[in-house]
Amino acid sequence: MSKPSLPQGTRDFNAATVQKRQYIFQTIRSVFETFGFQPLETPAMENLDTLMGKYGEEGDKLIFKILNNGLDNPTKTEQVQAGFEKITQGKSSTAITERALRYDLTIPFARFVAMNHGALTFPYKRYQIQPVWRADRPQKGRYREFYQCDADIVGSESLLNEVDLIAIYVTAFEKLQLPVEIKINNRKILLGLAQVCGGEDKMIDLTIAIDKLDKIGWEKVKEELNNKGFSEQQQDIVAQYLNISGTNIEKINQLKTLLGDNENGQKGIEELNFVLDYHEATGMAKHLVADFTLARGLNYYTGLIFEVKALDAQMGSIGGGGRYNDLTSLFGVPNIPGVGISFGVDRIYDVLEEKQLFPATIESTTQVLFFNLGEAESKAAYLQMTALRNKKIACEIYPEKSKFDKQFKYAEKKNIQNIVIIGSEELAQQQCTVKNLNTGNQSTIAFEALANFFS
RNA sequence: GAGGGCGUAGCUCAGUAGGUUAGAGCGACAGUUUGUGGCACUGUAGGCCGUGGGUUCGAGACCCAUCGUUCUCCCCA
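Fair warning: this is a prediction, and the values are worked out from it, not measured in the lab.

Concerning the packing of aromatic side chains
- The tally for this structure, following the rule as stated, stands at 21 aromatic pairs.
- With centroids separated by 6.4 Å and ring planes inclined at 45 degrees, the aromatic side chains of F32 and F37 adopt a geometry described as tilted.
- A relative accessible area of 3% means that F37 is categorised as buried.
- Taking 5.2 Å as the distance between ring centres and 65 degrees as the angle between the ring planes, the aromatic pair formed by Y300 and Y301 counts as edge-to-face.
- In this structure an aromatic cluster arises from ring pairing among F32, F37, Y127, Y169, F173 and F343.
- Directly above the aromatic system of F109 lies the positively charged group of R126, at a separation of 4.0 Å from the ring centroid.

Observations regarding helix α5 (residues 106–116)
- Burial analysis of α5 places nine of its 11 residues in the buried class, which makes it a mostly covered element.
- Listed as buried for α5 are T106, I107, P108, F109, A110, R111, F112, V113 and A114.
- The secondary structure elements touched by the buried residues of α5 are β2 (45–47), α2 (48–51), β5 (124–133), β6 (145–154) and β10 (319–324).

Observations concerning the side chain of D346
- Checked against the element boundaries, D346 lands in helix α13 (residues 345–354).
- Within the structure, the side chain of D346 is placed 2.7 Å from the backbone nitrogen of Y147, a separation counted as a polar contact.
- In this structure D346 touches R11, R21, Y143, F146 and Y147, once residues within four positions along its chain are discounted.

Focus: unusual backbone geometry
- A cis amide bond links F122 to the next residue, P123, at an omega of 0 degrees.
- Considering the arrangement of structural elements, one finds P123 in the loop between α5 and β5.
- Its identity as a non-glycine residue notwithstanding, Q177 has a phi of 55 degrees, on the positive side.
- Within the element layout of this structure, Q177 appears in the loop between α6 (160–175) and β7 (180–186).
- The class of Q177 is exposed, set by a relative accessible area of 57%.
- The backbone phi angle of N335 is positive, close to 65 degrees, even though this residue is not glycine.
- When you line up the elements, N335 lands in the loop between β10 and β11 (338–344).

Here's the deal with the domain arrangement of chain A
- Here chain A is partitioned into domain 1 (15–40 + 113–126 + 137–354) and domain 2 (364–454).
- A straight line from the C-alpha centre of domain 1 to that of domain 2 covers 54 Å.

Re the packing of α6 against helix α12 (residues 263–282)
- Contact geometry of α6 with α12 gives a least axis separation of 9 Å together with a crossing angle of 50 degrees. As far as their axial angle goes, α12 and α6 are oblique. Where α6 crosses over α12, the two elements pack in a sense that is right-handed. Contact residues: α6 offers L160, E162, V163, I166 and A167, while α12 offers F274, V275, Y278 and H279.
- Per-class residue counts for the contact of α6 with α12 are seven nonpolar, one polar and one charged.

A word on the protein's contact with RNA strand B
- Inspection of the region around RNA strand B gives 37 residues, with R134, R142, S317, R347 and K413 positioned closest.
- Counting only atoms of RNA strand B within 4 Å of the protein, the fraction found in sugar and phosphate groups is 44%.
- Note that a phosphate oxygen of RNA strand B is positioned 3.0 Å from one of the side-chain N or O atoms of Q139.
- Taking G319, its main chain carries an N or O atom lying 3.1 Å from a sugar or linking oxygen of RNA strand B.
- Of all the elements in the fold, those that place two or more residues in the surface near RNA strand B are β6, α15 (404–413) and α16 (424–429).
- Take the surface near RNA strand B: its biggest share by element is seven residues, from α15.
- For the surface near RNA strand B, the residue count by class is nine nonpolar, 10 polar and 18 charged.

Parameters at a glance
Residues numbered from 1 in each chain as written. Chains lettered and ligands numbered in written order. Predicted model: local features only at pLDDT ≥ 70, side-chain atom pairs only at ≥ 80, totals over all residues. Heavy atoms only, no water. Phe/Tyr/Trp six-rings, centres within 6.5 Å; stacked < 30°, edge-to-face > 60°. Buried < 20%, exposed > 50% of the residue type's maximum accessible area, 1.4 Å probe, protein only. Lys NZ or Arg CZ within 6 Å of the ring centre and 35° of its normal. Helix = DSSP H or I, 4+ residues; strand = E, 2+ residues; numbered from the N terminus. Contact = heavy atoms within 4.5 Å. Polar contact = N/O pair within 3.5 Å; in protein donor to acceptor, adjacent residues only side chain to side chain. Domains from an automatic or database assignment. Axes fitted to C-alpha atoms, helices over the stretch in contact; angles between N-to-C directions. Parallel < 35°, antiparallel > 145°, perpendicular 65-115°, else oblique. Left-handed = near helix turned anticlockwise from the far one by under 90°. Nonpolar A, V, L, I, M, F, W, Y, C, P; charged D, E, K, R; others polar. Near = heavy atom within 4 Å.

Given below as structure tokens:
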């Protein structure tokens, strides 16, 4: 028997961790519901072809695939061997695997909307809090099983939705008392830039290079642009683009002059302005930072895009999202525009832990421990305990008749504040000894008064 | 996919230039008048030194491989 272990990148959560995680989930869930979103849950596994090709080439490699059952069936041996051949060549084969673990919540959601668009009321606003799995190399802030909390609105093109989603971010992180900045950009601006220098088809090369700016610096970005065939003049425009700085308004003005009369660029700026203007009024604009270098990897985004970064923390983004014009058309149902955001709970947890921002009150435990001093005694104790439980006072009885020492230590380890002693003496008098372990104070209480003593 | 660090008791780690029976702290368990804890003291248990090869008279230490873990890059939450 080998030592038990956990698959790479997965974790057990002990009591304290679960309670802290619940605190995050509940905070975010209550904000979602306050904004009129309704819950949805989808299966842990999807058909492989629902997921493949939706996350780019890199993404496909990171999907956990589930081995088919019945591969040992002799009548299928030939198919299975042919399928295995394809797998070893890096292709996929339904003879070997046709299901996979959920990679994110957005694509399953799009699949759900496509399947149920006849029954849903649009605009449809749903939130979803479930684990996802990625066959990534685990490292700091990156796990193979982690939770996402998504909120999406489909069936509406209104920018009010973007305004709302930003308000959700601001509200949720204020409740969690975590200072953040929300970076905001527009894919249309990136598209406009691509059109101004090099053409639309170079947009992906361009955004990848731009996205790397703060990691590798301008010189390397310029080198990469050069390799991708951008002219000196075009590189110069990109340089000006990346040098844009100042307040949000100043940045936008600089961008306007740079992109000139490019239609996509102007539209992108207009949308950005709309959202910023709304949140000037709500006072939430102080968290918003226009950042034209923000690109985001997922290529289904078409409009405004967001990314949340915790201030003063060594951690990647803790949330992100954006507008996608036609996700459900991937599943044969066109013309349902949508916009959504995601919270990275596991990273939020790590940041809150690092900055010690969890409230002390969230670790709840048993309030009262009844000592076990024998059969008749524990029977009397059990009756009292039932009365307390009816009053919603969390209590338990030590299940073994053990030495005081041991029962005390159990209470301490579980951080139980009060103990109740019912021994032969107390039993005869129909009363019990109550001791507060914090203060050391001890008092004698009649059985019938016990429930009121704690409530 | 590429590249580093680390695997010794349940946990955190010592273990000197390879040299006898492998160490500490914490934890666990037991005891210090079998109805009053936290402290202290005493004692006990617990290690194929990740695994497999190799070098050597001799390996926990050195070399190779392998597995696990962790971090960085890529990519992402």
